[in-house]
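# Residue-level structural notes
Here's the letter readout for the chains.
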Protein chains: 4
Amino acid sequence: VTESEAEAPAHQRELARIGAFSDAVMAVAITLLVLKIDVPQLGGHEVGELDERLLDLWPDVFAYGLSFAVIGRYWIVHHRFFAGLARWDGRLVALNLGFLAFLVLIPFASDLVGRYDNETSAVITYAVVLVGAGLMNWTVIRHAVRNDLVAPSQRAHIARFGQVTALALPAVFGLSIPIAFVSPHAAEAFWLLTIAAHPSWWGHTR
Amino acid sequence: VTESEAEAPAHQRELARIGAFSDAVMAVAITLLVLKIDVPQLGGHEVGELDERLLDLWPDVFAYGLSFAVIGRYWIVHHRFFAGLARWDGRLVALNLGFLAFLVLIPFASDLVGRYDNETSAVITYAVVLVGAGLMNWTVIRHAVRNDLVAPSQRAHIARFGQVTALALPAVFGLSIPIAFVSPHAAEAFWLLTIAAHPSWWGHTR
Amino acid sequence: VTESEAEAPAHQRELARIGAFSDAVMAVAITLLVLKIDVPQLGGHEVGELDERLLDLWPDVFAYGLSFAVIGRYWIVHHRFFAGLARWDGRLVALNLGFLAFLVLIPFASDLVGRYDNETSAVITYAVVLVGAGLMNWTVIRHAVRNDLVAPSQRAHIARFGQVTALALPAVFGLSIPIAFVSPHAAEAFWLLTIAAHPSWWGHTR
Amino acid sequence: VTESEAEAPAHQRELARIGAFSDAVMAVAITLLVLKIDVPQLGGHEVGELDERLLDLWPDVFAYGLSFAVIGRYWIVHHRFFAGLARWDGRLVALNLGFLAFLVLIPFASDLVGRYDNETSAVITYAVVLVGAGLMNWTVIRHAVRNDLVAPSQRAHIARFGQVTALALPAVFGLSIPIAFVSPHAAEAFWLLTIAAHPSWWGHTR
């Protein structure tokens, strides 16, 4: 598919709309996380226990903060990547929807790990969703680089993205799976350290 | 209604807003799908069953993936169609809202078919919602073509849309209804094959 | 407050953002309606009743369709009104938030009237929310007309909006309140006829 | 990091996208508030109690109105602040996500205080979330002023923002915490008066 100069504004407009749709999906997903912190349902005679029950919510709040940070960082990566694109094709749109399909699962996985924070299967589910999102993100970027969708001036910047970032993250979440068989809490701590400690893995050094 | 050249920018601005509202509705609907995958609610002594209970969620996950793909593809079709419009009228807005009203029902239908994957009435409900969305989509496109709302350069492209695409899809979901009386699972497999196998029916060949 | 010509682009940019925020709130509210159609929760031995239970959902589906039409029409009115504005002030923003606060209550009122379709208090609640939304809409428009926020070329058009439209609708919903004391279903039918029969009351004749 | 003139449009485009994402998150959060007003679930023989049960919802409606006003005001402050920015950096994005993470908790806190309006721990939770949002808002503004991200013409305006506004509000919510130990209802009344009485504290005098 050769691309004439004349089509450039149409490509920019279309890329802007794909980016805006992705942004909207991520904005809704990050906000739905709050629905996953359950307000304690206490009968009239149990109301006195509210203090303790609120303190029992800490795994939910941990899962909320973790998932908010993960979606927030993917939003940063995603829109910087889109800012570097000059053209789009149908496959980019399809792969991007695939990425979003994993990202939208995060509120479910977050609810699960908030409720069953000490269960191996809950922790593995969370890790699998994040591995899926990470691999799809990497696939989207690789497709764009290989099919010449990236603006010439951004090529070096985006390519770096597609290597270090997008595979380091799914690798970390993948590695947490064997850890979860030993200790679910250790796997969760491992996620947290990763997210906190390696901002460059997410591809935003600035 | 004659249309002076001078009104063109106002039409473009208005079409952009109608498109943006539609995009936002579709972005919220596609993200709400995640709320329809129920996190198992287990008491303290049942927590050991979490593994099995998560595996029991596969019909929910199937319904999620299917519905995500359906809404995602309608989003692609919808915004390519809107990109080809030069003008709008009140009827276009009303018909577009009618299309969105069916599309927004998908998370409900998806929840139903995820929970009662082997029930004929659940499968029929899903098919009816999709037939409705497909027919409304076809009606919107036909209205635009007949009332000269399409940009001259896009006429051939959009008209093709209005024929093959928009009727093939509701026809397939309509055909699944008699199949559901014999076997709900066969009807669901039929949907999946359709979605996977005929991308051109959705009108995006690129 | 005198307004120099130089500030016009800043006003347009700000008005666009206020309009976009309002659009987003209305898009989310219209989509949340689907969460108010409850999927029947049946135990293993009750699954055979699913057909009947789905048919029992018709009041929910009625409430969904009605509320979708109401929010959809308010979206149309709202964004045509905003398209006619040339300037904004702090009071416009505050009144607009007041309008949105009533509009966002519609999914709650819709749930109520879908579940208790034959209860006077449910029907009154719905009517009160709609009266509130209608009065706030009227107040927003009146404020804009009186404080010279409307573009000169749009003044006649917007002023018509602020008279016929915005008071006819809350009047109709207000009138349904005494009817609800006699028959809740009659009040609901009254809403439906109104919405279907008088598109000009909503201010979009085109 | 020196900034050439040539980069200004890229900065504006990026700031617009960060603002649009923040707007979308706030629009979703303000709309999700409606899901926190619980429709009474009454069995067939209890339907006659619906009137009373609806009147019992007043704390939910109070919490809804309060939280709608709080998020609405933060939206106003936030987008005026963003309108005054000329440049962005990675820290601004991260701090802004931190602000949004507290803001998104408001529907949870609102649900809690609507359900347990006379419980000290519920009232404290609400106040803590608002203190967090206020401090993050103040931190974001201070970062922008100190790191020269503000447009020269807006510097005086934004700086005023960062002083009076952003610390008065978290101070008020912080002060309500000791009050809540004496009387939760007094703390709630204190919030209401604050919100109603001091619009200039929110930074929008116009």
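All values derive from a computational prediction rather than experimental measurement.

Cut-off values and rules
Residues numbered from 1 in each chain as written. Chains lettered and ligands numbered in written order. Predicted model: local features only at pLDDT ≥ 70, side-chain atom pairs only at ≥ 80, totals over all residues. Heavy atoms only, no water. Helix = DSSP H or I, 4+ residues; strand = E, 2+ residues; numbered from the N terminus. Buried < 20%, exposed > 50% of the residue type's maximum accessible area, 1.4 Å probe, protein only. Areas by Shrake-Rupley, 256 points an atom, 1.4 Å probe, with all protein chains shown as cover. Least-squares fit on C-alpha atoms with pLDDT ≥ 70 in both. Contact = heavy atoms within 4.5 Å. Core = buried A, V, L, I, M, F, W, Y, C linked by side-chain atoms within 4.5 Å. Salt bridge = Lys/Arg side-chain N within 4 Å of Asp/Glu carboxyl O. Buried area = accessible area lost by both parts, 1.4 Å probe. Polar contact = N/O pair within 3.5 Å; in protein donor to acceptor, adjacent residues only side chain to side chain. Nonpolar A, V, L, I, M, F, W, Y, C, P; charged D, E, K, R; others polar. Expected span 1.5 Å × (residues − 1). Phe/Tyr/Trp six-rings, centres within 6.5 Å; stacked < 30°, edge-to-face > 60°. Axes fitted to C-alpha atoms, helices over the stretch in contact; angles between N-to-C directions. Parallel < 35°, antiparallel > 145°, perpendicular 65-115°, else oblique. Patch = residues over 30% accessible without salt bridge, like charges linked within 9 Å, V, L, I, M, F, W, Y side chains within 5 Å. Lys, Arg positive; Asp, Glu negative; His and termini not counted. Charge placed at Lys NZ, Arg CZ, Asp CG, Glu CD. 1 Å grid on protein atoms, 1.4 Å probe; cavity = no way out; pocket = protein on both sides within 12 Å on 5 of 7 lines; lining within 4 Å. Points joined across faces, edges and corners; volume = space filled by probe spheres on them. pLDDT = per-residue confidence, 0-100. Left-handed = near helix turned anticlockwise from the far one by under 90°.

The next thing to look at is the overall build of chain A. Scanning chain A from terminus to terminus reveals eight helices and zero strands. Reading the helices (α) and strands (β) of chain A from amino to carboxyl end gives α-α-α-α-α-α-α-α. Considering chain A as a whole, with its 206 residues, one finds that 59% of them fall into the buried category. Within the structure as shown, chain A displays about 8100 Å² of accessible surface, and the carbon and sulfur contribution to it stands at 62%.

Between the two chain copies there is a screw-like relation: a rotation about an axis and a shift along it. Expressed as a screw operation, the relation of chain A to chain D combines 0.0 Å of axial shift with a rotation of 90 degrees, fitting to an RMSD of 0.0 Å. Taken together, these values place the two copies in the relation of a four-fold axis. A different interface surface on each copy is seen, since only 10% of the contact residues of chain A are contact residues in chain D too.

Residues Y126(A), Y126(B), Y126(C) and Y126(D) are the most contacted members of the largest nonpolar core, which totals 286 residues. Beyond its immediate chain neighbours, meaning those up to four positions away, Y126(B) contacts L66(B), S67(B), V70(B), I106(B), A109(B), S110(B), V113(B), F173(B) and W191(B).

Moving on: the pattern of salt bridges. In total, this model carries 16 salt bridges over all chains according to the counting rule given. Here R115(B) ties to D111(B) by a salt bridge, and the two come within 3.7 Å at their closest N and O atoms. Taken together, the residues R115(B) and D111(B), both in helix α5 (residues 106-115) and four residues apart, mark about one turn of the helix. Residue classification places D111(B) among the buried positions, given a relative accessible area of 6%. Taking the shortest distance from any N to any O, the salt bridge between R115(C) and D38(C) comes out at 2.7 Å. Residue R115(C) is located in helix α5 (residues 106-115), and its partner D38(C) is located in the loop between α1 (8-32) and α2 (50-55); the two are separated by 77 residues in the primary sequence. One connected set of salt bridges, linked through shared partners, spans K36(A), D38(A), D111(A) and R115(A).

Taken together, the contact pairs 31 residues of chain C with 31 residues of chain D. Per-residue buried area on chain C facing chain D is highest for R17(C), F21(C) and Y116(C); these three make up 24% of the total on that side. Among the salt bridges present, the one from R17(C) reaches D23(D), with a minimum N-O distance of 2.5 Å. At the boundary of chain C and chain D, one finds seven residue pairs in polar contact (both at pLDDT 80 or more). Residue assignment for the side of chain C that touches chain D shows that the elements contributing at least two residues are α1, α4 (90-103), α5 and α6 (120-146) of chain C. If you tally residues by element for the side of chain C that touches chain D, the top one is α1(C), at ten residues. Residues that form the side of chain C that touches chain D fall into these classes: 20 nonpolar, four polar and seven charged.

Residue position: S121(B) is located in helix α6 (residues 120-146). By relative accessible area, which is 11% here, S121(B) ends up buried.

Let's shift gears to helix α6 (residues 120-146) of chain A. For α6(A), spanning 27 residues, the distance from its first C-alpha to its last is 38 Å, which sits close to the expected 39 Å at 1.5 Å a residue. Positioned one or two residues after α6(A), D148(A) has a phi angle of 65 degrees, which is positive.

Time to look at the environment of A16(C). Within the fold, A16(C) resides in helix α1. Linking A16(C) and Y74(C), residues 58 residues apart in sequence, is a C-alpha distance of 17 Å.

Interface size, as often reported, equals the accessible area lost upon joining of the parts. Taken together, the contacts link 30 residues of chain A with 31 residues of chain D. Summed over both partners, the interface of chain A with chain D comes to about 2800 Å²; 72% of that surface belongs to carbon and sulfur atoms. The interface formed by chain A and chain D includes one salt bridge. At the junction of chain A and chain D, the tally comes to seven residue pairs in polar contact (both at pLDDT 80 or more). If you list the elements that add at least two residues to the side of chain A that touches chain D, you get α1 (8-32), α2 (50-55) and α3 (58-83) of chain A.

What follows covers unusual backbone geometry. Phi angles above zero are rare outside glycine, and D148(B) is one such case at about 65 degrees. Looking at the element boundaries, D148(B) is found in the loop between α6 and α7 (155-182).

A few words on the packing of aromatic side chains. The description of two aromatic rings rests on the distance between their centres and on the angle between their planes. Evaluation of the coordinates by the stated rule reveals 24 aromatic pairs over all chains. Here F81(C) and F82(C) contribute two aromatic rings whose centre-to-centre distance is 5.7 Å and whose plane-to-plane angle is 90 degrees, an arrangement assigned as edge-to-face. As far as burial versus exposure is concerned, F81(C) and F82(C) are alike and both buried. Look at F173(D) and W191(D): their rings are 5.8 Å apart centre to centre, the planes differ by 40 degrees, and that puts the pair in the tilted class. Of this pair, F173(D) sits in helix α7 (residues 155-182) while W191(D) is found in helix α8 (residues 184-197), placing the two residues 18 residues apart along the sequence.

What follows deals with the packing of helix α3 (residues 58-83) of chain D against helix α6 (residues 120-146) of chain D. All names here are of chain D. Between α3 and α6, the least distance of the axes is 12 Å, while the angle of their chain directions is 5 degrees. On the basis of their axis angle, the class for α3 and α6 is roughly parallel. Along its contact with α3, which presents L66, S67, V70, Y74, V77 and F81, the element α6 presents Y126, L130, A133, G134, N137, V140, I141 and A144. For the contact of α3 with α6, the residue count by class is eleven nonpolar, three polar and no charged.

All names here are of chain A. Where like charges cluster on the molecular surface, the negative patch consists of E49, D51, E52 and D56. Here E52 lies in helix α2. Here E52 falls in the exposed class, since its relative accessible area comes to 53%.

Quantified by volume, the second largest pocket comes out at close to 1500 Å³. Taken together, 38 residues form the lining of the second largest pocket, with L35(A), D38(A), L35(C), L35(D) and D38(D) sitting closest to its centre. It is helix α5 (residues 106-115) of chain D that contributes the most residues to the lining of the second largest pocket, three residues altogether. The residue inventory of the lining of the second largest pocket, partitioned by class, reads 14 nonpolar, five polar and 19 charged.

What follows covers the confidence of the model for chain A. Scored by pLDDT, chain A has a mean of 86; 87% of the residues are at 70 or more. In the predicted complex, the global pTM is 0.92; the interface-specific ipTM is 0.89.

With that out of the way, let us pick up the packing of helix α4 (residues 90-103) of chain D against α6(D). All names here are of chain D. In contact at an axis separation of 8 Å, α4 and α6 are set at 165 degrees when each is read in the N-to-C sense. In this view, α4 runs roughly antiparallel relative to α6, as classed from their interaxial angle. α4 and α6 meet at a crossing whose hand is left-handed. Contacts between α4 and α6 pair R91, L92, L95, N96, G98, F99 and F102 from the former with V129, G132, A133, M136, N137, T139, V140, H143 and A144 from the latter.

Moving on, we come to α4(D). Along an α-helix, a turn takes 3.6 residues, which lines up residues three or four apart on a common side. For α4(D), spanning 14 residues, the distance from its first C-alpha to its last is 20 Å, which sits close to the expected 20 Å at 1.5 Å a residue. Most of α4(D) is tucked away: ten of the 14 residues are buried. Within α4(D), the full set of buried residues consists of G90(D), L92(D), V93(D), L95(D), N96(D), L97(D), F99(D), L100(D), A101(D) and L103(D). Elements that come into contact with the buried residues of α4(D) comprise α3 of chain A together with α1 (8-32), α3, α5 and α6 of chain D.

Residue and element names in this part refer to chain A. Looking at the secondary structure, you find R87 in the loop between α3 and α4 (90-103). Expressed as a C-alpha distance, the spacing of R87 and E14, which sit 73 residues apart in the sequence, is 8.8 Å. From its side chain, R87 meets the backbone oxygen of D148 in a polar contact 2.8 Å long.

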